[in-house]
Amino acid sequence: MEFDSYADLDSPVQAWDPRFKLSAGFLLILVCASLSKAPSLAAAGLGALVLITLSRLPLLFVLRMLKAPIVLLALMLPLLVLTAGGQALWSWRFLHLYRNGLILAARIAAKSLTVILLFIGFFGTVRLNTAFQTLERLKVPSTLLAILLFTYRYIYLYLEDMRKLLSAARLRGYNLQRGLRHIGTSSGILVTLLLRSYEQSERVAAAMRLRGFDGSFRGIARFHRSPADLLAVALTAVWICLLLWLELR
Amino acid sequence: MHISEGVLNSPVIIGGYAVSAGLTALALKRVRPGEIPKIAVMGAAFFVSSLLHFKVGITSVHLTLTGLVGIVLGTPAVLALLAGLFFQAVMFQHGGLSTLGVNTVIFAVPALLAYLAYSGLGPLAGKRHSLRALIAGGVSALAVLVGAALVLLVLRLSGEELTGIGFLFSVAHGVLSLLEGAVTFIVVRQILKVKPEMITAGFMPRRQGRSRG
C-alpha cells in the first residue's frame, strides 16, 4: 500500500489547498518536534489524532504506517532507559533502570508518534505528484524536484528487479539465513543491479535530451485558494501559538 | 544510520536543515540538466540496493552504501541521498520529515568525504583493479565510521542522556563498517572488470580528468 493511497478521499483535510496544507503542516511538524513538556506534548498528540480523524484515513492504514516506527521505538527505548545515566530506580548487578531514561523514553515515544501522525495527516492526504507540483510553487529548486520525481519512478522498478534477482539467486541455492557466507553472491546481486541501472541511466538521459528536457520542472496542477483554506491556516497558526504557550509558560 | 522522529531537539533540527541546505545548494550548482536522470536512476538503484539484508549473528543488518554512492556519483551524491532519505521516510517511515536535514548531513558528509578520498587515492593505484577496489573498500568502511561519529555527535548535542545509546550505536556500526568495506571491495572490483568507466572515469563527465588512473 502506498503512502498517498487515500489522498482522494472526501474530507476537509484532503480538500485543503496543498500549498497551504504542506506549508502549515511542515511548520507544525517542526514545532511539535521541538516540544519537550508533558502538557504541550499531550496537546500536540491530541491535535494529531483530531487531524487523522478529520482526514477519514482508515485506521488499518494508519496503524500500518505506524508499524515500522513502533518496532524501532520498541527496540531503541529500552536501551535508552538502561543507558541514560543519573538516578537509578532499580538495579541488578550491572543493569540499572534510570529515571531520566524513563522520562526521556516516554517523551520520545509521544513526540515521535505525534510527528508521524501529523506527517501522515498532512502529507499522506496529497497525491505525491501533486505534492511535487506544490513544492515547485513553493520555490523548491526545479532540479531537486526533477531528481525526486525520477527517483520515485525508478525506485519501484528496481524494487521489482531486486525481487527477481533474489528469487533467481534463491533458486540457485542462495540463502539469506547463511548471511556472511554468501557475501559474494549478495555483492554480485548488487553489481548486477548497479550495472543495469547505470546503462539504463544513460539511455534515460539520452531519451530525455531528445525530448528537449532542460532540467526545469513544469507542473500542470491548478490550485484554487478558498476562504476555507485561509481559515485552516489561521486555525493551524492559533494551534501552534497554543502549543508554544504550553511549552514556554 | 537514521535518526528517528522525536529524538532530536530544536537547535539540532534547525542546524541539520541549515547544513543540509548548504550541501544541497553546493550539489545543485554542480549538476547540469543532462545529468539529472542519471543521478536519479543511480540514486534509486542505490536506495534499493541498501535494502538488501545480511544475517549477522542473531540479527540482520542492511548496508548504507554511502561510500559507494559518493565514489560513483561525486558531489551530486548529496541529491541522490536526500531523495533516498525522503522516500524512505515516505515509504517506510524510517527517519522522518523533522529529521530529514540531520539525516541528510549524516549520510551526505561521509559520501562526500569518500568521494574526495577516492579521487585522491584511487589514481595512485593506476590500472591495478584490486588495489583500486581495496582503496574503495577502505574508504567506504571509513565513511560508515564517520557517519556513526556524526550520529553520536547529534545525539550528544540533543541531550546528555542519549550519549549511552549513541555509543552502543557507534560500536554496532564498527561491525557494519567492516561488512560495508568488504561489499564495496567486491562490487568495485567487479565493476572495474566489466564497466570501468562507471568508476575509473567517474560518473560525472566533469570528473573524467581528475579520477582517471
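Keep in mind that this is a model prediction, so the values were computed, not measured.

**A short note on the pairing of strand β2 (residues 95-98) of chain A**
Residue and element names in this part refer to chain A.
Turning to step 1, where the next piece is worked out: Bridge count between strand β1 (residues 88-92) and β2: four bridges; the pairing is antiparallel. Opposite W90, over in β2, you have L97 as the bridge partner.
Turning to step 2, where the next piece is worked out: Here β1 hands over to β2 after two residues, with R93 in that stretch at a positive phi of 50 degrees.

**Brief notes about the interface of chain B and chain A**
Turning to step 1, where the next piece is worked out: Counting residues at the interface gives 64 residues for chain B and 68 residues for chain A.
Turning to step 2, where the next piece is worked out: Interface area, chain B with chain A, both sides summed: about 6000 Å², of which 82% is carbon and sulfur.
Turning to step 3, where the next piece is worked out: Our count for the chain B to chain A interface comes out at one salt bridge.
Turning to step 4, where the next piece is worked out: Between E199 of chain A and K195 of chain B there is a salt bridge, with its nearest N and O atoms 3.6 Å apart.
Turning to step 5, where the next piece is worked out: Between the two partners, chain B and chain A, sit one residue pair in polar contact (both at pLDDT 80 or more).
Turning to step 6, where the next piece is worked out: At the level of secondary structure, the elements contributing two or more residues to the side of chain B that touches chain A comprise α1 (10-30), α2 (36-49), β1 (53-56), α4 (77-92) and α7 (163-194) of chain B.
Turning to step 7, where the next piece is worked out: Broken down by element, the side of chain B that touches chain A gets its largest block of residues, 13 residues, from α2 of chain B.
Turning to step 8, where the next piece is worked out: For the side of chain B that touches chain A, the residue count by class is 46 nonpolar, 12 polar and six charged.

**So, unusual backbone geometry**
Turning to step 1, where the next piece is worked out: One non-glycine residue, R93 of chain A, lies in positive phi territory at about 50 degrees.
Turning to step 2, where the next piece is worked out: Tracing the backbone shows R93 of chain A in the loop between β1 and β2.
Turning to step 3, where the next piece is worked out: The exposure class of R93 of chain A is exposed, given its relative accessible area of 70%.
Turning to step 4, where the next piece is worked out: One non-glycine residue, L65 of chain B, lies in positive phi territory at about 60 degrees.
Turning to step 5, where the next piece is worked out: Note on placement: L65 of chain B falls in the loop between β2 (59-62) and α3 (66-73).
Turning to step 6, where the next piece is worked out: Residue L65 of chain B is classed as buried on the basis of its relative accessible area, which comes to 2%.

**Considerations on a nonpolar patch on the surface**
All names here are of chain A.
Turning to step 1, where the next piece is worked out: Nonpolar side chains collect at one region of the surface, where L89, W90, W92 and L102 lie side by side and expose about 440 Å² of accessible area between them.
Turning to step 2, where the next piece is worked out: The leading source of residues in the nonpolar patch is β1, at three residues.
Turning to step 3, where the next piece is worked out: Summarising the element assignment, W92 is placed in strand β1.
Turning to step 4, where the next piece is worked out: The class for W92 is partly exposed, based on a relative accessible area of 46%.

**Thoughts on the domain arrangement of chain A**
Turning to step 1, where the next piece is worked out: Domain annotation for chain A reports domain 1 (12-127 + 222-248) and domain 2 (142-210).
Turning to step 2, where the next piece is worked out: Taken over C-alpha atoms, the centre of domain 1 of chain A sits 34 Å from the centre of domain 2 of chain A.

**Side note on the packing of α3 of chain B against helix α6 (residues 129-158) of chain B**
Residue and element names in this part refer to chain B.
Turning to step 1, where the next piece is worked out: Interhelical geometry of α3 versus α6 gives an angle of 125 degrees and a closest axis separation of 7 Å. Judged by the angle between their axes, α3 and α6 are oblique. Crossing angle aside, the handedness with which α3 passes α6 is right-handed. Packed against α3, whose contacting residues are T66, G67, L68 and I71, the element α6 presents A136, V139, S140 and A143 at the interface.
Turning to step 2, where the next piece is worked out: A class-by-class count of the residues in the contact of α3 with α6 yields five nonpolar, three polar and no charged.

**Points about the side chain of S119 of chain B**
Turning to step 1, where the next piece is worked out: Among the secondary structure elements, S119 of chain B is positioned in helix α5 (residues 100-121).
Turning to step 2, where the next piece is worked out: Engagement of the side chain of S119 of chain B in a polar contact is seen with the backbone oxygen of Y115 of chain B, the distance being 2.7 Å.

**Here we look at the nonpolar core**
Turning to step 1, where the next piece is worked out: Counting 148 residues, the largest nonpolar core has I108 of chain A together with I3, F87 and I106 of chain B as its most contacted members.
Turning to step 2, where the next piece is worked out: The element best represented in this core is helix α7 (residues 142-171) of chain A, accounting for 14 residues.
Turning to step 3, where the next piece is worked out: Both domains that meet at this core, namely domain 1 (12-127 + 222-248) and domain 2 (142-210) of chain A, each give it at least three residues.
Turning to step 4, where the next piece is worked out: Those residues in contact with I106 of chain B that sit more than four places away from it in its chain are M1, I3, G147, L150, V151 and V154 of chain B.

**Focus: the packing of aromatic side chains**
Each aromatic ring pair is summarised here by two numbers: the centre-to-centre distance and the angle between the ring planes.
Turning to step 1, where the next piece is worked out: Applying the stated criterion across every chain yields a total of 13 aromatic pairs over all chains.
Turning to step 2, where the next piece is worked out: For the pair F86 of chain B and F87 of chain B, a centre-to-centre distance of 5.2 Å together with 75 degrees between the ring planes defines the contact as edge-to-face.
Turning to step 3, where the next piece is worked out: Classification of F86 of chain B by relative accessible area gives buried; the value is 16%.
Turning to step 4, where the next piece is worked out: One aromatic cluster is present, built from ring pairs that chain together F132, Y152 and Y156 of chain A together with F86 and F87 of chain B.
Turning to step 5, where the next piece is worked out: One Lys or Arg, R153 of chain A, reaches over the ring of Y154 of chain A and ends 4.9 Å from the middle of that ring.
Turning to step 6, where the next piece is worked out: Over the aromatic face of W245 of chain A sits the side chain of R249 of chain A, whose NZ or CZ is 5.2 Å from the ring centroid.

**Remarks on the confidence of the model for chain B**
Residue and element names in this part refer to chain B.
Turning to step 1, where the next piece is worked out: Per-residue confidence for chain B gives a mean pLDDT of 86, with 91% of residues at or over 70.
Turning to step 2, where the next piece is worked out: This stretch, residues 205-213, has a pLDDT under 50; its non-local contacts, to residues over four places away or in other chains, come to 26 contacts.
Turning to step 3, where the next piece is worked out: Note on the complex model: pTM 0.90, ipTM 0.90.

**Some details on α1 of chain B**
Since the α-helix packs 3.6 residues into each turn, any two residues three or four apart lie on the same face.
Turning to step 1, where the next piece is worked out: In this model α1 of chain B runs 31 Å from its N-terminal to its C-terminal C-alpha over 21 residues, within 8% of the 30 Å that 1.5 Å per residue would give.
Turning to step 2, where the next piece is worked out: Where α1 of chain B is concerned, the buried positions are V12, I13, G16, S20, L23, T24, A27 and L28 of chain B. Viewed along the axis of α1 of chain B, the buried residues span an arc of 135 degrees, placing them on a single side of the element. Seen from the buried face of α1 of chain B, the exposed residues on the opposite side, beyond 90 degrees, are P11, I14, A18 and K29 of chain B.
Turning to step 3, where the next piece is worked out: Packed against the buried residues of α1 of chain B are α2 (18-33) and α7 of chain A together with α4, α5 and α6 of chain B.

So, how was this worked out
- For every chain, the first residue of the written sequence is number 1, and numbering continues from 1 along that sequence.
- All chains are assigned letters beginning at A, and all ligands numbers beginning at 1, according to the order in which they are written.
- At least 70 in pLDDT is required for a residue's local features to be given in this predicted model, at least 80 for side-chain atom pairs to be given and counted, and no such filter applies to totals for whole chains, interfaces and linings, which use all residues.
- Processing note: side-chain calculations cover all non-hydrogen atoms of the structure and skip hydrogens and water entirely.
- Any two strands between which DSSP finds at least two bridges are classified as paired.
- Elements are defined by DSSP. Helices are runs of H or I of four residues or more, strands are runs of E of two residues or more, and each kind is numbered from the N terminus.
- Every residue pair with non-hydrogen atoms within 4.5 Å of one another is taken to be in contact.
- What gets called buried area is simply the loss in accessible area from a 1.4 Å probe that two parts show on being joined, summed for both.
- What makes a salt bridge here is a side-chain nitrogen of Lys or Arg within 4 Å of a carboxyl oxygen of Asp or Glu, nothing more.
- Counting of polar contacts relies on pairs of N or O atoms within 3.5 Å, with two restrictions inside protein: one atom must be capable of donating a hydrogen and the other of accepting it, and residues adjacent in sequence are counted only when both atoms are side-chain atoms.
- Just so you know the grouping, Ala, Val, Leu, Ile, Met, Phe, Trp, Tyr, Cys and Pro go in nonpolar, Asp, Glu, Lys and Arg go in charged, and all remaining residues, Gly too, go in polar.
- Relative accessibility decides the category of a residue: with a 1.4 Å probe and only protein chains considered, values under 20% of the type maximum give buried, values over 50% give exposed, and everything between is partly exposed.
- Patches in this entry comprise residues that are over 30% relatively accessible and not in a salt bridge; like charges within 9 Å are linked, as are nonpolar side chains (Val, Leu, Ile, Met, Phe, Trp, Tyr) within 5 Å.
- Where accessible areas are quoted, they stem from the Shrake-Rupley method and a 1.4 Å probe; at the residue level, only the protein chains shown are allowed to cover.
- Where a domain begins and ends is set by an automatic assignment or by a domain database.
- Here, axes are lines fitted to C-alpha atoms. For helices the fit covers the stretch in contact, and angles between N-to-C directions go from 0 to 180 degrees.
- Oblique is the label for every angle not falling under 35 degrees (roughly parallel), over 145 degrees (roughly antiparallel), or within 65 to 115 degrees (roughly perpendicular).
- Helix crossings get a hand from a simple test, with the near helix turned counterclockwise from the far one by less than a right angle marking a left-handed crossing and a clockwise turn marking a right-handed one.
- We define the nonpolar core as a collection of buried residues of types Ala, Val, Leu, Ile, Met, Phe, Trp, Tyr and Cys that are connected through side-chain atoms lying within 4.5 Å of one another.
- Working definition: a ring pair exists when centres of Phe, Tyr or Trp rings (six-membered ring for Trp) sit within 6.5 Å. Plane angles under 30 degrees give stacked, over 60 give edge-to-face, the rest tilted.
- When the NZ atom of lysine or the CZ atom of arginine is within 6 Å of a ring's centre and also within 35 degrees of its normal, the charge is said to sit over that ring.
- pLDDT expresses how confident the predictor is about each individual residue, on a scale running from 0 to 100.
- Expected span, for any helix, means 1.5 Å times one less than how many residues it has.
- To be clear, the arc concerns the directions from the helix axis to the C-beta atoms.

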